[in-house]
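Chain and residue survey
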Amino acid sequence: MKFVLDAEQRLFGETLHKLLTEAGTPGVIRSWAAGEHDRTLWTALAQAGVFALAVPERHDGAGPRPIELVTAMVELGRHAVPGPVVETLAAAALFEGVGDEELSAEWLPRLAAGHAVVSLVPPSAEEAPPCRALDADVADLVLLTEGEGLWSARPEGTPRRSIDPARRLFTVTPAAPLASGPAVREAAAAAYDLGTLACAAQSLGVGRALLDITVAYAGTRRQFGRSIGEFQAVKHHLANAFTGLEFARPLVYGAAVSAGSPEFARDVSAAKVAASDAAYVTARIALQVHGAIGYTDEYDPSLWIRKAVALHSAWGSPANHRARLMKALS
Amino acid sequence: MDLDLSSVEAFRAEVRDWLARNVPATPLPSLETEKGFAAHREWERRLGAARLSAVSWPEAYGGRGASPLEWLVFEEEYYAAGAPGRVSQNGVNLLAPTLFAHGTPEQLARVLPPMAAGEVIWAQAWSEPGAGSDLAALRATATRTDDGWRLNGQKTWSSRAAFADRGFGLFRSDPASERHRGLTYLMFPLDADGVTVRPIGRLDGKPAFAELFFDDVFVPGDDVIGEVGQGWKAAMSTAGNERGLTLRSPGRFLAAAERLVALWREHGADPLLRDRVADVWIKARAYRLKGFETISRSDDIGAESSVNKIFWSELDVELHETALDILGAEGELEGDWLEGYVFSLAGPIYAGTNEIQRNVIAERVLGLPR
Ligand SMILES: Cc1cc2nc3c(=O)[nH]c(=O)nc-3n(C[C@H](O)[C@H](O)[C@H](O)COP(=O)(O)OP(=O)(O)OC[C@H]3O[C@@H](n4cnc5c(N)ncnc54)[C@H](O)[C@@H]3O)c2cc1C
């Protein structure tokens, strides 16, 4: 038993962190939000091996590697990377699960190489989930599952805007059938679990970044002749944020380790609840500790604050995942 | 990264088997009562005879040289089996680690085997009326004599001292010293001449802790732990253990969370309480995995251990509050859940209050200015 990342996995995370720091994601996020969908960063992430983590080797991937995938998504969350990254990873799991070799051969190598951006409607088993796909207008392919049917889909009209300016959600309708049968239902469930895990990891990264940003701010902002980080109320807020994130992390990695086991869905739900709650709490604390500046659109940390709110309910609200967990326990 | 526990499954099976054959069928009376204390001491003797009272100690002292992972697994099995609370906990989890770090071979050989055998039960005596969170304000004194020390002053809130045999604590050995300097870590008998033990009823009236009055109590020189005047250093190594995993292991909360899920179901699976039950279960799993992470790390977790103390103590309160809410009007009535609830309420106070832990995290982990 060794429940920490090995040196190679750590290095992978550090490499992505460096790449994303150099990319200057706040600028990328703002352009993305303004409708300029440059794929430079997407391509760089593909070259770093991110999408290949969900693609099997026989389709030019390196997966499945859930632990590395979580490691990558934590870094992407830390830098608030925009775009349907989680959706593309989940799409890879969906294709793989459906097992239609022709379809897989058409999409998976392109997806791994970063040549195909895929969005999808999260295939949740909830009753009447919203039929919306993230950044569907940017995607080369949009997927939709309904029962035993897998469809390509097309976006309708203008997107709904999210609190996260980089997230644009499109209502989609089925366009053409791609596959059908019981395997689709199972593949949809597997894709949902993988997407939810990726989203949980992304939340964790968003929360971690918000904590770091806010600790740094508390050390420099001065009021009453001293730095606000000296005030115990501020200290305790930040200690609480840290505590929540510290205990969400093992749940997220623990879920990655249980991929492929019967407990995966249960463990993913536990991870999603804890990570999205911890990130959300951290976002509220970040906002409070920044004061008015944190409440502005133009101040970069507010990009993370808003992402934490959006991810809290993306890929299944905490209430949904708690319900799913309790069902799994019975 | 993995969670492969196959290497400890044989050990787990052995522990599970022994517990299945030995855990009392009816729960023992509360260990915070005289009768319950005696019953729990008897239980410690049985554990000791099976070399299960302190599995992580070296075999020479009555342990099994268990690895940290084996210890975590032992704890999981122990609480899953519904085995009795550990009356020996202050000795096994707090004093023993201090002795391993700072004790002499003679002290280890003299103190540890009877502790493992359940023959000597220990109480911790750090707090004083004027020294709670601010422990360095302590005033009880140790004065050097020809062949040892004389203790004077008062200690308080000493858990289980009402029925325990011996105590360990910090005393000011240099009268000119201030704060954390000039303190010495000493062991003493609770039935020595000059010691008065006054039990204090906790929230439910049970004498769970006691005040100790010292009136020229003689302690031999052999009972100093570590160097004279360096007691603070030794004490802080015990505090680290308290805040880490040992004081309240993950196994305890895993078992309690499973019982909570069962209680919720037995009481009709009220959807209004579902999310709270789910959160408790999730947090118990989080603490388990955090434990695995902690023992997998090669670096010293240092001040980060404060985060564990906050987490388990708040989880314990949340767990029992949820249980009482499930029980509804029955919640206020005497029973196991209420006993657990009363016990949990003290968690955020002892072993360094959670406010102090938050200060530690903010200043020493996050690096905020003092
Ligand atoms: C059930 C139980 C068992 C115990 N067992 C033992 C034992 O076996 N041996 C032993 O020696 N002691 C024991 N204690 C005592 C325990 O260690 C102390 O209660 C604890 O250190 C707090 O001290 P205090 O009670 O004097 O509270 P105080 O220190 O007076 O604190 C009161 C309040 O003020 C807050 N506060 C104090 N200082 C600060 C600060 N700097 N920043 C923010 N907030 C602050 C505290 O967090 C707390 O909320 C036990 C206590 C309990 C409840």
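Residues numbered from 1 in each chain as written. Chains lettered and ligands numbered in written order. Predicted model: local features only at pLDDT ≥ 70, side-chain atom pairs only at ≥ 80, totals over all residues. Heavy atoms only, no water.

Residues and elements named next belong to chain A. Taken as a whole and judged by the stated rule, the model has two cavities of 30 Å³ or more. Volume-wise, the largest cavity comes out at about 80 Å³. Taken together, 15 residues form the lining of the largest cavity, with G83, L134, R167, Q202 and K307 sitting closest to its centre. For the lining of the largest cavity, the secondary-structure elements that each account for two or more residues are α5 (85-98), α7 (182-220) and α10 (301-313). (1 Å grid on protein atoms, 1.4 Å probe; cavity = no way out; pocket = protein on both sides within 12 Å on 5 of 7 lines; lining within 4 Å. Points joined across faces, edges and corners; volume = space filled by probe spheres on them. Helix = DSSP H or I, 4+ residues; strand = E, 2+ residues; numbered from the N terminus.)

Residue and element names in this part refer to chain A. With four bridges connecting them, strand β3 (residues 141-146) and strand β4 (residues 149-161) associate as antiparallel partners. Its bridge partner being in β4, T145 is matched across the sheet by L150. Between β3 and β4, which pair antiparallel in sequence order, lie two residues; one of them, G147, sits at a positive phi of approximately 60°. Of the pairings in the sheet, the one linking β4 to strand β5 (residues 168-180) comprises ten bridges and is antiparallel in character. Within the sheet, the bridge partner assigned to R160 lies in β5 and is L169. The turn linking β4 back onto β5 is made up of six residues. (Pairing = 2+ DSSP bridges.)

This part covers helix α4 (residues 66-78) of chain A. Residue and element names in this part refer to chain A. Spanning 13 residues, α4 covers 18 Å between terminal C-alpha atoms, matching the ideal 18 Å at 1.5 Å per step. Burial analysis of α4 places twelve of its 13 residues in the buried class, the great majority of the element. The complete set of buried residues in α4 reads P66, I67, E68, L69, V70, T71, A72, M73, V74, E75, L76 and G77. (Expected span 1.5 Å × (residues − 1). Buried < 20%, exposed > 50% of the residue type's maximum accessible area, 1.4 Å probe, protein only.)

Residues and elements named next belong to chain A. The five strands lie next to each other as β1-β3-β4-β5-β2, forming an open sheet whose pairing is mixed. Of all strands in the sheet, those bounded by a partner on one side alone are β1 (118-120) and β2 (132-134). Averaged over all pairs of adjacent strands, the angle between strand axes in this sheet comes to 45°, irrespective of strand direction. Sitting on the sheet, α5 touches β1, β2, β3, β4 and β5, and the angle it makes with β1 is about 80°. (Axes fitted to C-alpha atoms, helices over the stretch in contact; angles between N-to-C directions. Contact = heavy atoms within 4.5 Å.)

Residue and element names in this part refer to chain A. The terminal C-alpha atoms of helix α1 (residues 7-23) lie 24 Å apart, and with 17 residues this matches the ideal 24 Å at 1.5 Å per residue to within 8%. Three or more residues of α1 are buried, namely Q9, F12, G13, L16 and L20. Viewed along the axis of α1, the buried residues span an arc of 95°, placing them on a single side of the element. Among the exposed residues of α1, those pointing more than 90 degrees away from its buried face are A7, E8, L11, K18 and E22. The inward-facing, buried residues of α1 abut α2 (25-33), α3 (40-47) and α4. You can read the cap of α1 off the contacts: a side-chain oxygen lies 3.1 Å from the backbone nitrogen of E8, and it is on D6. Downstream of α1 by one or two residues, G24 has phi in the positive range, about 60°. (Arc of directions from axis to C-beta. Polar contact = N/O pair within 3.5 Å; in protein donor to acceptor, adjacent residues only side chain to side chain.)

Moving on to the packing of aromatic side chains. The description of an aromatic ring pair uses the distance of the two centres, along with the angle that the planes make with each other. Residue and element names in this part refer to chain B. Per the counting criterion, the structure on display carries 21 aromatic pairs over all chains. Considering the side-chain rings of W312 and Y350, the 6.3 Å spacing of their centres and the 40° angle between planes classify their relative orientation as tilted. Here W312, found in helix α9 (residues 305-327), pairs with Y350, found in the loop between α10 (336-345) and α11 (354-365); they are 38 residues apart in sequence, far enough to count as distant. The class for W312 is buried, based on a relative accessible area of 1%. Owing to a relative accessible area of 24%, Y350 belongs among the partly exposed residues under this scheme. An aromatic cluster of at least three residues, connected via ring pairs, comprises W18, W43, F74, Y78 and Y79. The ring of Y350 carries the charged tip of K309 above its face, separated from the ring centre by 5.9 Å. (Phe/Tyr/Trp six-rings, centres within 6.5 Å; stacked < 30°, edge-to-face > 60°. Lys NZ or Arg CZ within 6 Å of the ring centre and 35° of its normal.)

Now for the interface of chain A and chain B. Many structure descriptions define interface size as the accessible area lost when the parts assemble. On the chain B side, the residues contacting the 42 residues of chain A number 42 residues. Of all residues in chain A, the largest losses of buried area upon contact with chain B belong to M1, F247 and M326 of chain A, amounting jointly to 21% of the total for that side. In this structure, the connection of chain A to chain B is made through five salt bridges. Two residues, R322 of chain A and D279 of chain B, come together in a salt bridge whose shortest N-O distance is 2.8 Å. (Buried area = accessible area lost by both parts, 1.4 Å probe. Salt bridge = Lys/Arg side-chain N within 4 Å of Asp/Glu carboxyl O.)

The volume enclosed by the second largest pocket comes to roughly 900 Å³. Along the wall of the second largest pocket there are 29 residues; nearest its centre are L5, R10, E75, R249 and Y253 of chain A. Those elements that place two or more of their residues in the lining of the second largest pocket are α1, α4, α7 and α8 (232-257) of chain A together with α8 (271-296) of chain B. In terms of residues, the lining of the second largest pocket owes the most to one element, α8 of chain A, which gives six residues. For the lining of the second largest pocket, a count of residues per class yields ten nonpolar, six polar and 13 charged. (Nonpolar A, V, L, I, M, F, W, Y, C, P; charged D, E, K, R; others polar.)

In this section: the site of the ligand. Close contacts around the ligand come from 18 residues, with S133, W157, S159, T353 and E355 of chain B the closest. With respect to the ligand, its neighbouring residues span chains A and B. Within the contact set of the ligand, a nitrogen atom lies 2.9 Å away from a backbone nitrogen or oxygen of Q124 of chain B. Within the side chain of T353 of chain B, an N or O atom sits 2.7 Å from an oxygen atom of the ligand. Coverage of the ligand by the protein chains reaches 65% of its 970 Å² of free accessible surface. For the shell around the ligand, the secondary-structure elements that each account for two or more residues are β1 (122-125), β3 (148-159) and α11 of chain B. Looking at side-chain class alone, the shell around the ligand contains eight nonpolar, nine polar and one charged residues. (Near = heavy atom within 4 Å. Areas by Shrake-Rupley, 256 points an atom, 1.4 Å probe, with all protein chains shown as cover.)

Right, let's talk about the environment of L368 of chain B for a bit. Along the polypeptide, L368 of chain B turns up in the segment after α11. L368 of chain B sits in the buried class, given a relative accessible area of 4%. Along the backbone, L368 of chain B and E178 of chain B are 190 residues apart, and their C-alpha atoms lie at a distance of 26 Å. Apart from residues lying up to four places away in sequence, L368 of chain B is in contact with V215, A218, G229, K235 and L238 of chain A together with A362 and E363 of chain B.

Residues L45, M73, L94, L143, L238 and V252 of chain A together with L260 of chain B are the most contacted members of the largest nonpolar core, which totals 176 residues. With 28 residues, the next largest nonpolar core counts W57, L94, L135 and F168 of chain B among its residues. (Core = buried A, V, L, I, M, F, W, Y, C linked by side-chain atoms within 4.5 Å.)

What follows covers the packing of helix α3 (residues 68-80) of chain B against α8 of chain B. All names here are of chain B. Two elements in contact, α3 and α8, have axes whose closest approach is 10 Å; the angle formed by their N-to-C orientations is 160°. Judged by the angle between their axes, α3 and α8 are roughly antiparallel. Viewed along their axes, α3 and α8 form a crossing whose handedness is right-handed. The segment α3 lies against α8, with P68, L69, L72 and E76 engaging R288, G291, F292 and I295. Class assignment of the residues belonging to the contact of α3 with α8 gives a composition of five nonpolar, one polar and two charged. (Parallel < 35°, antiparallel > 145°, perpendicular 65-115°, else oblique. Left-handed = near helix turned anticlockwise from the far one by under 90°.)

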